[in-house]
Protein chains: 2
Amino acid sequence: MKKKVLKFGGTSVGSTDRIKHAAKIIKKESDLGNKIIVVVSAMAGKTNELISLSKSVSKNFSKRELDVLLSTGEQVTCALISGALNEMGIKTKSFMNWQIPILTDGENNNARIINMNVTKINNYLSSGGIAVIPGYQGISSSGDITTIGRGGSDATAVAIAKIFDTDSCEIYTDVDGIYSTDPNKIPVAKKIDKISYEEMLELSSLGAKVMQSSAVQTAMIYDIPLQVRSTFTDRQGTKIFNKDNLDYSKAVTGVAYSKDDAKITLQAVEDKPGVAAEIFEPFGKNQINIDMVIQNVSSDGKTTDITFTTKREDLVKSLEILKKNNNIKFKNLSYKNNVSKISIVGAGMVTTPGVTYKMFRALAEEKINILAISTSEIKISVIIDEVFTVQAVKKLHNIFNLD
Amino acid sequence: MKKKVLKFGGTSVGSTDRIKHAAKIIKKESDLGNKIIVVVSAMAGKTNELISLSKSVSKNFSKRELDVLLSTGEQVTCALISGALNEMGIKTKSFMNWQIPILTDGENNNARIINMNVTKINNYLSSGGIAVIPGYQGISSSGDITTIGRGGSDATAVAIAKIFDTDSCEIYTDVDGIYSTDPNKIPVAKKIDKISYEEMLELSSLGAKVMQSSAVQTAMIYDIPLQVRSTFTDRQGTKIFNKDNLDYSKAVTGVAYSKDDAKITLQAVEDKPGVAAEIFEPFGKNQINIDMVIQNVSSDGKTTDITFTTKREDLVKSLEILKKNNNIKFKNLSYKNNVSKISIVGAGMVTTPGVTYKMFRALAEEKINILAISTSEIKISVIIDEVFTVQAVKKLHNIFNLD
């Protein structure tokens with residue numbers, strides 16, 4: 001007998017028909033003799049609907065009350081899932097965040113789960129019942145309702161897997177699993193059967209929004225195996241493990257890209273300690289995210305070039321910030337607003353020589369100019385002209401044997 | 001400084017614009033220096049929407065989970081009202097049923113409030129804050145969410161008025177107050193300024209569904225003055241008091257009617273102890289409500305006639321029940337399915353001789369035949385042919401000086 005967390009995302013519970021379907025999946029797992037904890041998201045669209053209600057009441061809606069409001073979304077799903085399971089003759093009960101309780105730390109709208117009481121739910125599981133729990137929420141030490149950020153139901157599922165020491169944590173969603181690249185744009189994209197946490201994180205941060213990144217991080221820290229799979233097919237999904245448990249026959253696991261980027265280059269910046277901090281400090285204050293930052297070793301010992309990317313929508317504001325900033329001296333500022341970032345991701349890269357060369361060579365063959373390069377242990381990213389995005393992704397997908 | 005309960009019904013919080021409007025009313029009362037506890041219903045239509053979701057999941061939806069589901073309706077309104085008040089710079093906070101807590105007794109879907117903890121909220125009121133509380137719900141002794149029956153937000157408001165010993169309890173709704181008869185059908189209907197609990201109960205039970213009857217009963221038992229008023233006008237509403245505090249210049253306060261009734265008469269029923277119980281026992285078991293029951297003194301000492309009314313939709317089932325019931329002997333069964341009940345209600349009736357005569361005389365003048373009569377201390381009801389309903393109400397409204 002195994003103890004399992006089954007987490008259903010918004011589209012998987014997006015209608016009462018889908019809720020009944022999810023209940024069948026839960027029943028099947030229960031019939032196999034597993035002890036089940038179900039974690040649910042709000043029905044698809046519900047959270048946005050509630051947010052829009054709050055906005056039409058107030059532009060600066062109280063953060064505390066927003067959490068009171070939004071937490072009803074998952075509560076509704078909990079009741080409906082439990083009702084559907086009851087209808088099938090299954091012993092089940094919903095447990096609200098305050099009934100468990102799920103304790104959180106940090107501020108409203110952005111709290112984080114620190115602990116849960118396991119007694120009530122473990123007793124209920126032992127009595128043969130299925131526990132249904134709302135994702136995305138908890139209560140603070142002062143007893144207020146809190147939420148843990150968009151997509152936080154994944155984080156709840158992982159936290160439950162950890163705290164209840166379950167054998168697995170299955171994330172039911174509207175896709176088959178993690179793909180080697182975007183299957184909507186690149187039809188040869190393949191579902192990945194197994195992937196490491198690190199690769200998953202790199203792919204997530206590059207636009208493969210299958211799971212919330214912080215949930216994957218938590219799973220990685222506590223070594224909780226995850227499985228992402230579709231609610232709507234019986235196909236095996238993607239298993240996400242510690243990379244030590246994976247066998248890498250391929251150097252590259254996936255090719256990701258992000259569009260809507262812009263690139264800014266500051267030429268001949270005075271090369272002195274703290275200059276990067278001085279450049280980027282006002283960006284943080286203005287809520288502008290900086291993505292890649294590339295700085296070469298100074299050639300003359302006095303000046304250096306700094307290139308960085310940001311979201312295209314932030315370009316104008318970014319240029320204004322740089323012009324206003326009197327603390328930094330540079331000779332020239334250039335920018336390009338139609339670039340995209342192409343990344344190859346693979347935990348096997350470290351042990352496979354020549355991956356970098358192979359990537360650059362492939363892009364050269366396609367006559368695609370590389371505007372900037374950034375690498376990490378399991379990822380190589382390049383900035384290119386946006387028009388070449390699909391061509392580059394297809395080429396890389398092919399030469400790294402992912403088709 | 002007064003302590004007040006302000007309760008807003010579903011239509012009063014039916015949209016974000018209405019929620020903002022309700023917030024203005026609350027602010028006005030708060031600006032006058034009052035300590036305010038706000039009780040809210042779910043937004044109009046919300047409870048039905050949730051019920052219909054539950055029905056499409058299961059025909060026998062779990063009662064426990066239905067309460068988990070339905071309680072989200074008021075929770076949403078609480079958050080939105082608090083958000084709207086915050087936006088106006090007012091110190092305010094929502095308190096969920098389990099945060100207070102509101103303790104209930106009895107089964108799911110039909111619980112009743114037995115107590116509340118006052119400390120947290122009294123402290124908050126003393127600190128100058130406005131407390132916003134969901135109506136219609138509480139938690140059971142085992143910590144489950146419970147609801148207290150449709151319209152239960154009125155009951156919550158009255159319970160809070162009692163437990164927090166407030167100076168008043170104001171019910172904001174979509175009508176101006178209690179009317180002398182149905183203003184939609186009888187245009188000369190007048191708003192009643194003051195009315196006793198008993199009269200209000202009689203009028204409520206006869207179709208004037210402005211307030212939930214059990215809430216009025218509770219107010220009566222604990223002598224809590226109520227005020228029913230419109231959210232949408234500044235007009236004074238109707239004050240509901242103990243009848244000892246009212247001065248009755250008029251014998252009759254209002255004329256009520258209920259349609260969709262059916263009348264059944266059993267002729268020459270064996271007149272022996274327990275016969276009425278034997279007749280009506282199976283009705284209770286079949287969830288059929290019996291309204292008026294009239295039994296005359298036996299003329300021959302052996303048999304008597306029994307007439308009663310029920311909802312028209314229950315007529316066929318009622319006749320079947322009577323035919324199947326072998327415990328009772330009677331000579332003849334007659335029924336009429338198109339009748340209505342007309343009632344005059346007035347606490348001043350007791351001290352005003354001739355009210356009964358005046359009523360019957362007036363109906364005779366209109367050539368309306370009375371099929372059955374039933375009286376209580378503050379009410380006289382007659383059953384007549386349904387076609388004469390409006391004619392009878394108009395006549396009675398006029399002769400008792402209510403126009």
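Along each chain, numbering runs from 1 in the same order as the chain's sequence is written. Think of it this way: whatever chain is written first is A, whatever ligand is written first is 1, and the rest follow in order. Totals for whole chains, interfaces and linings use every residue, but because this is a predicted model, local features are given only for residues with pLDDT of at least 70 and side-chain atom pairs only at 80 or more, for both listing and counting.

Participant: For this particular structure, what's the right way to read the overall build of chain A?
Facilitator: Helix and strand assignments follow DSSP, with helices taken as H or I runs no shorter than four residues and strands as E runs no shorter than two, numbered in order from the N terminus. Of the regular secondary structure elements, chain A holds eleven helices and 18 strands. Throughout, the radius of gyration refers to the C-alpha atoms, and the reference size of a globule is 2.2 Å times the residue count to the power 0.38. Compactness check: chain A gives a C-alpha radius of gyration of 24 Å against a globular reference of 22 Å for 403 residues, within 12% of the reference. Along the first, second and third principal axes, the C-alpha atoms of chain A reach 75 × 50 × 35 Å. Three exposure classes are used, based on other C-beta atoms lying within 10 Å of a residue's own C-beta, which is placed from the backbone: buried for 20 or more, exposed for 12 or fewer, and partly exposed in between. In chain A, which comprises 403 residues, the share counted as buried stands at 45%.

Participant: What should I look at first to understand the sheet that holds strand β6 (residues 130–134) of chain A in this one?
Facilitator: What holds strands together in a sheet is hydrogen bonding between their backbones, with the strands either parallel or antiparallel. All names here are of chain A. Read from one edge to the other, the open sheet built from eight strands follows the order β3-β6-β2-β1-β9-β11-β12-β10, with strand pairing classed as mixed. Each edge of the sheet is formed by a strand with only one pairing partner; in this case those strands are β3 (92–94) and β10 (194–196). Across the sheet, the mean angle from the axis of one strand to that of its neighbour is 20 degrees, orientation sign disregarded. Here strand β2 (residues 35–40) runs beside β6; their pairing, made up of four bridges, is parallel. When the bridges of β6 are listed, Val 39 appears paired with Ile 133. Across the sheet, helix α5 (residues 152–163) is in contact with β1 (3–8), β2, β6 and β9 (168–173); its angle to β1 comes to roughly 175 degrees. If DSSP finds at least two bridges between two strands, the strands pair. Helix axes use the C-alpha atoms of the stretch in contact, all axes being lines fitted to C-alpha atoms, and the angles between their N-to-C directions lie in the range 0 to 180 degrees. Contact between residues is assigned whenever the C-beta positions, reconstructed from backbone atoms, fall within 7 Å.

Participant: How should the interface of chain A and chain B be read in this particular structure?
Facilitator: Listed by partner, the interface residues are 29 residues for chain A and 29 residues for chain B. Contributing elements (two or more residues each) for the side of chain A that touches chain B: α1 (16–31), α2 (46–57) and α3 (63–87) of chain A. With 14 residues, α3 of chain A is the largest single contributor of residues to the side of chain A that touches chain B. Grouping the amino acids of the side of chain A that touches chain B by side-chain chemistry returns twelve nonpolar, 14 polar and three charged. Amino acids are sorted into nonpolar (Ala, Val, Leu, Ile, Met, Phe, Trp, Tyr, Cys and Pro), charged (Asp, Glu, Lys and Arg) and polar (every other residue, Gly among them).

Participant: When you look at the domain arrangement of chain A in this model, what are you seeing that I'm missing?
Facilitator: As a measure of interface size, the accessible area lost when the parts come together is often cited. Once the domains are mapped, chain A shows domain 1 (3–174) and domain 2 (254–399). One C-alpha centre belongs to domain 1 of chain A, the other to domain 2 of chain A; they are set 39 Å apart. Start and end points for every domain follow an automatic or database-based domain assignment.

Participant: Any chance you could explain the relation of the copies chain A and chain B here in plain terms?
Facilitator: The pair of chain copies shares a relation made of a rotation about an axis and a shift along it. Structural alignment of chain A on chain B gives an RMSD of 0.1 Å, achieved by rotating through 180 degrees and translating 0.0 Å along the axis. Considering both components of the superposition, the chain copies are consistent with a two-fold axis. Ranked by how close their C-alpha atoms come to the rotation axis, the residues of chain A are headed by Thr 72 of chain A, at 2.8 Å. Most of the interface of chain A is mirrored in chain B, where 100% of its interface residues again form contacts. Here the copies were fitted onto each other by least squares, based on C-alpha atoms from residues at pLDDT of at least 70 in both.

Participant: Mind showing me how you'd approach unusual backbone geometry here?
Facilitator: Working note: non-glycine residues mostly have negative phi, and peptide bonds are mostly trans. Each neighbour pair has its own omega, and for Ile 100 of chain A with Pro 101 of chain A the value is -20 degrees, a cis peptide bond. With respect to the helices and strands, Pro 101 of chain A occurs in the loop between β3 and β4 (102–105). Located in the positive-phi region is Asp 165 of chain A, a residue other than glycine, with phi close to 50 degrees. As for its placement among the helices and strands, Asp 165 of chain A is situated in the loop between α5 and β9. A tally of 11 C-beta atoms within 10 Å means that Asp 165 of chain A is categorised as exposed. Backbone geometry at Tyr 136 of chain B places phi at a positive 75 degrees, although glycine is not the residue there. Its place among the elements puts Tyr 136 of chain B in the loop between β6 (130–134) and β7 (137–139).

Participant: Looking at this model, I keep getting lost on the pairing of strand β18 (residues 379–385) of chain B. Mind explaining?
Facilitator: A regular strand carries its side chains on alternate faces of the sheet. Residue and element names in this part refer to chain B. Within β18, six of the seven residues are buried, which leaves it mostly tucked inside the rest of the structure. The sheet contact formed by strand β16 (residues 332–345) and β18 spans seven bridges and is antiparallel. Opposite Ile 344, over in β18, you have Ile 380 as the bridge partner. Pairing of strand β17 (residues 372–376) with β18 involves five bridges; the strand directions are antiparallel. Bridging across to β18, Ile 373 finds its partner in Val 382. A loop of two residues connects β17 with β18, the two strands running antiparallel in sequence.

Participant: Even after reading the chapter, I still don't get the nonpolar core, so can you show me in this structure?
Facilitator: One broad trend across soluble globular proteins is that nonpolar side chains are buried collectively. A set of buried residues drawn from Ala, Val, Leu, Ile, Met, Phe, Trp, Tyr and Cys, joined through C-beta atoms within 7 Å, is what defines a nonpolar core. Ranked by internal contacts, the top residues of the largest apolar core, which has 211 residues, are Val 38 and Ile 81 of chain A together with Val 38 and Ile 81 of chain B. Beyond its immediate sequence surroundings of up to four residues, Ile 81 of chain A is in contact with Val 13, Ile 19, Ala 22, Ala 23, Val 38, Val 40 and Val 132 of chain A.

Participant: Mind showing me how you'd approach the confidence of the model for chain A here?
Facilitator: When pLDDT drops low, the exact placement of atoms in the prediction is not to be read closely. The pLDDT score gives, residue by residue, the confidence of the prediction method on a 0 to 100 scale. Predicted confidence across chain A gives a mean pLDDT of 91, with 98% of residues reaching 70 or more. At the level of chain-chain contacts, confidence expressed as ipTM amounts to 0.85, with global pTM at 0.85.

Participant: Help me understand the sheet that holds strand β14 (residues 290–295) of chain B, please; the structure alone is not making it clear to me.
Facilitator: Residues and elements named next belong to chain B. Overall, antiparallel pairing links the six strands, which are arranged β14-β15-β13-β16-β18-β17 in an open sheet. Edge strands, defined here as strands with exactly one partner in the open sheet, are β14 and β17. Taken over all neighbouring pairs, the strand axes of this sheet differ in orientation by 30 degrees on average, direction set aside. Examined bridge by bridge, strand β13 (residues 254–270) and strand β15 (residues 303–311) share eight bridges and lie antiparallel to one another.

Participant: Is there a simple way to think about the packing of α3 of chain A against helix α2 (residues 46–57) of chain B in this case?
Facilitator: A pair of packed helices can be characterised by two numbers: the angle between their axes and the separation between those axes. Contact geometry of α3 of chain A with α2 of chain B gives a least axis separation of 9 Å together with a crossing angle of 30 degrees. Judged on the interaxial angle alone, α2 of chain B and α3 of chain A are roughly parallel. Both α3 of chain A and α2 of chain B take part in a crossing whose hand is right-handed. Residues Leu 80, Gly 83, Ala 84 and Glu 87 of chain A of α3 of chain A form the contact with α2 of chain B, whose own contacting residues are Leu 53, Ser 54 and Val 57 of chain B. In terms of residue class, the contact of α3 of chain A with α2 of chain B is made up of four nonpolar, two polar and one charged. Each angle receives one of four descriptions, namely roughly parallel if under 35 degrees, roughly antiparallel if over 145, roughly perpendicular if within 65 to 115, and oblique otherwise. Handedness of a helix crossing follows the sense of rotation of the near helix relative to the far helix, less than a right angle counterclockwise being left-handed and clockwise being right-handed.

Participant: Help me understand the environment of Tyr 335 of chain A in this model?
Facilitator: Residues and elements named next belong to chain A. Secondary-structure assignment places Tyr 335 in strand β16 (residues 332–345). Among the residues examined, Tyr 335 registers 17 C-beta atoms within 10 Å and is labelled partly exposed. Residues Tyr 335 and Ala 131, spaced 204 residues apart in sequence, show a C-alpha to C-alpha distance of 54 Å. In contact with Tyr 335, other than residues within four places in its own chain, are Ala 262, Lys 263, Ile 264, Leu 315 and Leu 319.

Participant: Before we go on, may I ask you to explain helix α3 (residues 63–87) of chain B in this structure?
Facilitator: For an α-helix, the turn length of 3.6 residues means that residues three or four places apart are oriented alike. Residue and element names in this part refer to chain B. Here the expected length of a helix is defined as 1.5 Å per residue gap, with one fewer gap than residues. Taking 1.5 Å of rise per residue, 25 residues should cover 36 Å, and α3 covers 37 Å from first to last C-alpha, within 8% of that figure. Fitting axes to the seven residues ending at a residue and to the seven starting there, one defines the bend at that residue as the angle between these axes. Along its length, α3 reaches its greatest deviation from straightness, about 25 degrees, at Gly 73. Downstream of α3 by a residue or two, Gly 89 has a phi angle that is positive, lying close to 80 degrees.

Participant: I tried to follow the environment of Ile 370 of chain B on my own but got confused; where do I start?
Facilitator: Here Ile 370 of chain B lies in the loop between α10 (355–365) and β17. For the pair Ile 370 of chain B and Asp 385 of chain B, spaced 15 residues apart in the sequence, the C-alpha separation amounts to 8.1 Å.

Participant: Can you walk me through the pairing of strand β2 (residues 35–40) of chain B in this structure?
Facilitator: All names here are of chain B. Here β2 lies mainly inside the structure; six of its six residues are buried. The side-chain alternation of β2 yields two buried faces, one formed by Lys 35, Ile 37 and Val 39 and the other by Ile 36, Val 38 and Val 40. By the bridge criterion, six bridges tie strand β1 (residues 3–8) to β2 in an arrangement that is parallel. Counted as the bridge partner of Lys 4 is Ile 36 from β2. If you view a crossover with the strands going away from you and the path from the first strand over the helix to the second runs clockwise, you call it right-handed. Assessed by its sense of winding, the connection that carries the chain from β1 through helix α1 (residues 16–31) to β2 is right-handed.

Participant: Honestly, the environment of Phe 360 of chain A in this entry has me stumped. Any pointers?
Facilitator: Mapped onto the elements of the fold, Phe 360 of chain A is located in helix α10 (residues 355–365). It is 52 Å that separates the C-alpha atoms of Phe 360 of chain A and Ala 131 of chain A, two residues lying 229 residues apart in sequence.

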